Amino acid sequence: MRDSNIELLRIVSMMLIILFHFSVHGPWPADGVLAADVAVGVLAFGGKLGVNCFVLITGYFMTRSSVRMASVARVVLETWFYSWGLLILFAVAQPELVTQARLEKAALPLVSGEYWFITNFVALMVVSPFLNLLFDRLSRRGKSRLAAIGFVTISVLPTLTTFNPLGSDLLWFFYLYLVGGWIRELMEGAEGGDTLAIALARDGGDGAAADRDAAWAKTAGASGALAWLDPARLTLRMGGRPMAVASILISWAAIAAICCAQAWFGFDRVNAQYPVWQYMIPTFLASTGMLVAFARLAMAPSRTVNNLAKCALGVYLIHDNPFVRAWLWPHFAAVYALGPAAIIGASLLAAVGVYAFGAAVDSLRIALLEKPLFRWLNSRFGDQLARADHWFATMGK
């Protein structure tokens, strides 16, 4: 059975993404009330945080395994199913929403940018054997240095300067994938008796802080100054929950500050969504903190959680479909006038409702279409699929 604590993180991450879409796609007035604008802006914090968590989880597991052809096919077929299915549904029910631009994107969802996450995620799955080869060949010191160099070049510098010369969603996914695997290796080192990892991973107790500091000094001495900029080690040193909470609070404060600066001083260098992008320091460290916190969460296996998490991708494909997006979010226009509390309350209800509806629909798709289809594919093309899996497993060797 899947690790229900990590599967719960998938669910939480998707709900954060829904809150982000509520914020950025809602029909909010351009010259609204400051308090309401801050509430709308704060809700955007979780979108890229959720995306980061999904990719970190992928690396957490897949650096120890290899991609399977059936997994890639599931993602591709599911994307086509929802893109084409919703196109047909809206062409019949609300044809005015089927514009030329949306029609073109829906026809070729994997290459048109309709679902940017899916396009990059499928590419990540295909390239993962080479990333695994890199991960396996690097020493612990090399992994720490790679994590630190990546953190400085594609997170710290863009955060501080707004300039991101290496800005690429796919490159960022590659980096997150490797960091996810590195976090797991450090945590398993603690479980396996690695004294440095034990001290860095310790949550609390007598002498915990002193042990972490001593271990940190030894680690820095072994790996050089860059060890102090390794986000995996930083997260384990601080603790997953404290890192996640502190980073989220910093992100909220930055959003509120930008909203106030825009309203009071006409500040226009960056918009209020700038602090929430995936490579921003607070967003990135919040995601590493959440992965560590949920990985440590003591939780009994739960079939309900695992089944709900299995539908997370379907929930994304349904609610962020361009036709659904254009239909769904205008329904919440009235809550803006009711103030910040109503905006936040409505967003939470939307997150739960959208996930519940999407999971119900996707559960039917899995039961009625996906499972029968893949049973048939395995019975007819099992040998070919096995050879494809072997090809993926040995691609980077």
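Since this is a predicted model, take the numbers as computed values, not measurements.

Student: Quick question: what am I supposed to make of the confidence of the model for the chain here?
Tutor: Reading fine detail from the predicted coordinates is not recommended where pLDDT is low. Predicted confidence across the chain gives a mean pLDDT of 87, with 90% of residues reaching 70 or more. Within the model, the stretch residues 191-195 combines pLDDT values under 50 with 3 contacts to residues more than four positions away or in other chains.

Student: Would you mind going over the environment of G180 with me for this structure?
Tutor: Looking at the element boundaries, G180 is found in helix α8 (residues 169-191). Overall, the relative accessible area of 0% leaves G180 in the buried class. Along the backbone, G180 and N52 are 128 residues apart, and their C-alpha atoms lie at a distance of 9.8 Å. Contacts of G180, omitting those with residues within four sequence positions, involve L56, G59, Y60 and L291.

Student: I keep staring at the packing of aromatic side chains and nothing clicks. Help me out?
Tutor: The geometry of an aromatic ring pair is captured by the separation of the ring centres together with the interplanar angle, meaning the angle of the planes. Tallying each qualifying case throughout the model produces 24 aromatic pairs. With centroids separated by 6.4 Å and ring planes inclined at 85 degrees, the aromatic side chains of W264 and F265 adopt a geometry described as edge-to-face. In terms of burial, W264 and F265 fall into one category: exposed. Among the aromatic residues, those joined into a ring-pair cluster are F54, Y115, W116, F117, F121, F173 and Y316. Across from the ring centre of F374, 4.3 Å away, lies the NZ or CZ of R74, which sits over that ring. Just above the ring of F135 sits the side chain of K143; from NZ or CZ to the centre is 4.1 Å.

Student: Just checking my understanding: could you explain empty space enclosed by the protein for this structure?
Tutor: Over the atoms rolls a probe the size of a water molecule, and its path tells where empty space is left. Per the counting criterion, the structure on display carries 2 cavities of 30 Å³ or more. Here the largest cavity defines a volume of roughly 80 Å³. Residue lining of the largest cavity: F135, L138, K143, L146, A147, Y175, L178, V179 and W182, and that is the complete set. Listing elements by their share of the lining of the largest cavity, those giving two or more residues are α7 (140-161) and α8. When residues of the lining of the largest cavity are assigned to their parent elements, the largest contribution, 4 residues, is made by α8.

Student: Would you take a moment to explain the environment of L131 for this structure?
Tutor: Mapped onto the elements, L131 comes out in helix α6 (residues 116-137). Taking relative accessible area as the criterion, L131 reaches 8% and is therefore assigned buried. C-alpha of L131 to C-alpha of Y175: the two residues are 44 residues apart in sequence and 9.4 Å apart in space. For L131, the residues in contact, after removing those within four places along its chain, are L124, F174, Y177 and L178.

Student: Got a minute to help me understand the side chain of D362 in this structure?
Tutor: Relative to the elements of secondary structure, D362 occurs in helix α17 (residues 340-394). Taking the relative accessible area as the measure of exposure, D362 reaches 0% and is therefore buried. Among the polar contacts made by the side chain of D362, one reaches the side chain of R365 at a distance of 2.7 Å. Setting aside residues up to four positions removed in sequence, D362 forms contacts with E78, Y82, K310, C311 and G314.

Calculation criteria
- Residue positions are given per chain, counting from 1 as you read along its sequence in written order.
- In view of the model being predicted, local features appear only for residues whose pLDDT reaches at least 70, and side-chain atom pairs are presented and counted only at 80 or more, with totals across whole chains, interfaces and linings using the full set of residues.
- Values shown for side chains rest on all heavy atoms present in the structure; no hydrogens or waters enter the calculation.
- Confidence of the predictor at the level of single residues is given by pLDDT, which spans 0 to 100.
- When checking whether two residues touch, look at their non-hydrogen atoms; a contact exists if any pair is within 4.5 Å.
- Comment: elements are numbered from the N terminus, with helices defined as DSSP H or I runs of at least four residues and strands as E runs of at least two.
- Only protein chains enter the accessibility calculation, which uses a 1.4 Å probe; a residue is then buried when its area is under 20% of its type maximum, exposed when over 50%, and partly exposed in between.
- Only Phe, Tyr and Trp rings take part, Trp by its six-membered ring, and two of them pair if their centres are within 6.5 Å. Stacked means planes under 30 degrees apart, edge-to-face means over 60, and tilted covers everything else.
- As a reminder, the over-ring test applies to NZ of lysine and CZ of arginine, requiring each to be within 6 Å of the ring centre and within 35 degrees of the ring normal.
- Method remark: on a 1 Å grid restricted to protein atoms, a set of points is classed as a cavity if a 1.4 Å probe fits but cannot get out and as a pocket if it is open with protein on both sides within 12 Å along at least five of seven lines; lining residues have an atom within 4 Å of a point.
- Grid points are joined across faces, edges and corners, and a volume is the space filled by probe spheres set on the points.
- Pairs of N or O atoms are called polar contacts if they sit within 3.5 Å, as long as, within protein, a hydrogen donor faces a hydrogen acceptor (for residues adjacent in sequence, only side-chain-to-side-chain pairs).

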